[in-house]
Structure formats: structure tokens, C-alpha cells
Amino acid sequence: MNTDHIFTGLKVVDLASFLAGPGAATVLSDFGADVIKVEPPGIGDPHRMTYRIPPLPSAKENYSWHLSNRNKRGLALDLKSPRSREILERLVKWADVLVVNFPPPVRRKLKLTYEDIAPWNPRLIYADLTGYGDEGPDTDLPGFDITAYWSRSGLLDMTRDAGAPPTLPVPASGDHATAMGLYSAIVTGLYRRERTGEGCYVTTSLIAEGIWSSAVLVQAALCDAKFYPLHDRKNPPNAVFNVYQTSDNRWFLIVMQPKDWPALPPAIGQPELASDPRFADDTARAKNSAQLTAILDKIFTAQPLAHWHDVFERARITYGIVKTPADVTTDPQVLANDIIVPIEGGGEHLTQTVSSPIKIHGVPKAKARRAPELGEHNDEVLRELGFSADQIEGFRASATIPQASHDAEVVGGKR
């Protein structure tokens, strides 16, 4: 097995904040890239504080920060300081990839647009994430997962039951999906550079990624398709594509194609359903879906989940258990595929983390290490960029970087 990682030697500057932009840089770090996380002095990336804000689960360890910024080195830099330009230019010349997600007005004010940066490094992959894309009336608006990805794309409208209002989605689920889109854009840009020798400007947006996720329904709308009403569990369009509860209050889904229907009645001990004229074919089952759902409800709530698990396994009926996040952490299938892996230095209660969802067979990922403290690697990085001790002290004196106490090496990853 090759001991190198896929991106060993790749240099990345992560100027982004919150989740989607930094998440893309994290995937690169999982495959060995050297990622420098740049944050403003003071509180740093605001994402450092989100684990304390409801409705995110509360914990002693900053789990969300380590998840989105593991394996990176930390540089605290005030981009508003006139002297920051000296450091930024050397960072860009050092880097293969620069990740940015400032709203366009902020980017223009800080002179961080592609046109500002590209002359310093013609081989640079400038990876840009926006909320609403590069053009249009909303291009300057800040975008968040729940607004640009979920709400604006139509996803939030469709992921609810009939009669229920839209609800809050899983935190950061759109950000993590978008991170993979931005990662893909970066890798595509790197491939282009291998062919041409030239860097490029790659981009995606939360709205584009959200609409891609809801593309089946958006495409349906584009061709004036007839939409069913919002899902009603007790009166669904298809009773064998529905959610059911067991006697021990667990939920599961059954997902059956029409050809699979004959297997279900005998498997659940109701062979007479197969010859019931109300359910004889697809059209009849659709017309009488509420009646079939009521029958299945009564059957499924009579036995615990373990019983139905065995029934469905024997009959080869496709089903899915609705698991909690806690269930996921001990799922043997998850653990067998290294979806959850150890992390070094995360703290007493943070010993494992979620790996990025890509695997390259024959080449290992980097071992997960805790995310950096704010400015933890300032001196180390600035020395690598060629700055002298006197110059580094000058940056401190001008408040371009914080004082040395903030740069000290820390153990345990706590803040």
C-alpha cells in the first residue's frame, strides 16, 4: 500500500467561515493536504461558538469545530490591517488552493476577489462559495444553509407532512452536501491545472447545491408535471412506500416496487391481502392506499422492531430503520466501513469523528487530528513563509496578528 496520501504536498489556505467552505478544505485535509485555517483575531471563525447555540446539542467538547476543521493548522490574521497584505500575498504564492466564502461586498472591500488575488499566483485554484451565485439581484446577500440551501431550493417546502408547517432541517446538512460540491469543483480545477498548467476560478453556491438536491422535483416543475399533495402518512399515494411504527415505538420505512407486492402479504402473516380486490394491482392499491395503510398500521404495531427485522430479512423486503444519531454511532455497518474514525486530541469526550464520505482504495486517509486553537500555528506558518522573528514581532505590534500568548501550542483542543 502506498504510504502517501492522495493530496500529500497540496497546500491549501482556508479563508472561509462556518461550515461549507471549511468543510471542503477538511475533505482535502483528510487526503493529506496541508491546510492553513485563517481566522480573525478575537473570537475567530464564528463557527467556534455554534455548538453553544440551541438547537444544536450541548456538549463539553467543541464537536462541530473539530468536525469541520480537523487536521488544519491555525493562523490568526486581521485581514483589515494594512500589513496583512504582506502575509496574504505570501500565503497565496505558497498555496495551490484558496477557499473563500465572504459575501461579495466584503470580498471587494478586502481586495480578495479573484482578480485581486490571481496575479500573485497564476497556478492558484481560487475556490469560491456564495449563498446565491455570482449573478442576479441577490448575489450580494449572505447565505446560510437553512435560507439559501433549504428554503430557497424548495427542499424545505417538500420535506414535511400534509398539514404540518415547514420545520428546521438537520443542522448543517446542506452545508455538508455543499462542501462536497465545492470539493468536487476544487478537484476538477486541479485536474484542469494538470492538463494546462494554469490555475482557475471554481465556484458553487448553496442555492445551486440545494436545487441539485431537489432536482427531481424542480425538473418535474420545469415540465409542468402534476404534483401529488404533501405526504400524508395515513393517506399516502403508495401504502408500501411509507413509514410505520412498531409495538416498541420504533419507526421504519418499507420501500417496495410493484413487482415486490406479492411477497409482503404472506411475509406479514396476511396472505389474504394478496387476493383482496382492493389491492389486486397498482391502480387498486393507489386508490385504496388509506385502507391498506390502516391495515398495515394495525399489523406492524402488534410486534416489536426485532420481529419485523427478521420478517423483512427472510422475505427480502426492502426496508429501513429510522435510527437516531446515537444509534448511528454504534451501527456495525457504519463502523465496518470507517465512516466513524478515531480523532487525536479532541478531548476527553471527543475521541471519534465522522470521516468524509469518499474512499480511495489502496491509499489511506490521514489520521484525524483535532482542529487548531485560534492562531495556534502563527509563528510556525509565518516562519515557513519566510518572515523573520523581527517581522513577526512587527506584525504583532501592528495588531495584524495577536500577541504570542494566543499562538502558544495547546494540548487537548479545548477553548
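Cut-offs and rules
Residues numbered from 1 in each chain as written. Predicted model: local features only at pLDDT ≥ 70, side-chain atom pairs only at ≥ 80, totals over all residues. Heavy atoms only, no water. Helix = DSSP H or I, 4+ residues; strand = E, 2+ residues; numbered from the N terminus. Buried < 20%, exposed > 50% of the residue type's maximum accessible area, 1.4 Å probe, protein only. pLDDT = per-residue confidence, 0-100. Contact = heavy atoms within 4.5 Å. Core = buried A, V, L, I, M, F, W, Y, C linked by side-chain atoms within 4.5 Å. Pairing = 2+ DSSP bridges. Axes fitted to C-alpha atoms, helices over the stretch in contact; angles between N-to-C directions. Phe/Tyr/Trp six-rings, centres within 6.5 Å; stacked < 30°, edge-to-face > 60°. Arc of directions from axis to C-beta.

**Concerning unusual backbone geometry**
At step 1: In the segment running from P54 into P55, the intervening peptide bond is cis, with an omega of 10°.
At step 2: Note that P55 resides in the loop between β2 (34-39) and α2 (63-69).
At step 3: A positive phi angle is found at A172, which is not glycine, with a value near 70°.
At step 4: For A172, the location among the structural elements is in the loop between α7 (155-158) and α8 (173-196).
At step 5: Judged by relative accessible area, A172 falls into the buried class, the value being 16%.
At step 6: The phi dihedral of N249 is positive, around 65°, even though this residue is not glycine.
At step 7: Mapped onto the fold, N249 is located in the loop between β7 (241-245) and β8 (251-255).

**Comments concerning the confidence of the model for the chain**
At step 1: Looking at the chain as a whole, the pLDDT averages 94, with 97% of positions reaching at least 70.
At step 2: Here residues 406-415 is modelled with pLDDT under 50, and outside its nearest four sequence neighbours on either side it reaches 34 contacts, counting other chains as well.

**Regarding the nonpolar core**
At step 1: Ranked by size, the top nonpolar core spans 29 residues in total, and within it L15, I87, L91, L98, I117 and L382 carry the most contacts.
At step 2: Listing elements by their share of this core, those giving two or more residues are β2, α3 (84-94), β4 (97-100), α17 (378-384) and α18 (389-397).
At step 3: A total of five residues in this core trace back to one element, the largest contributor, which is α3.
At step 4: Those residues within four positions of L98 in sequence are excluded, and the remaining contacts are V13, L15, V92, I117, L124, I125, Y126 and A127.
At step 5: The next biggest cluster of nonpolar side chains, apart from the first, holds 25 residues, and it includes A25, I125, L129 and Y183.

**A short note on the sheet that holds β4**
At step 1: On the basis of which strands lie adjacent, the open sheet formed by six strands has the order β3-β2-β1-β4-β5-β6 and parallel pairing. Taken across any chain shown, the strands that pair with only one partner, and hence form the sheet edges, are β3 (72-76) and β6 (200-205). On average, each strand axis in the sheet is tilted by 20° relative to the strand beside it, whichever way the strands run.

**Regarding the packing of aromatic side chains**
The relation between two aromatic rings is expressed through the spacing of the ring centres and the mutual angle of the planes.
At step 1: Throughout the structure, instances matching the rule amount to 16 aromatic pairs.
At step 2: Consider the rings of Y149 and W150, whose centres lie 5.9 Å apart with planes at 65°: the pair is edge-to-face. W150 shares its class with Y149; the two are buried.
At step 3: A ring pair is formed by F300 and F312, whose centres lie 6.0 Å apart and whose planes are at 75°; its orientation type is edge-to-face. Separated by twelve residues along the polypeptide, F300 in helix α13 (residues 289-300) and F312 in helix α14 (residues 305-315) bring together distant segments of the chain.

**A few points about α14**
At step 1: Of all the residues in α14, the buried ones are L305, W308, V311 and F312. Mapping the buried residues of α14 onto a view down its axis gives an arc of 120°, with all of them on the same face. Opposite the packed face of α14, turned more than 90 degrees from it, sit the exposed residues A306 and R314.
At step 2: The inward-facing, buried residues of α14 abut β8, α11 (264-267), α13 and β9 (319-321).
At step 3: Of the residues one or two after α14, R316 is the one with positive phi, at around 55°.

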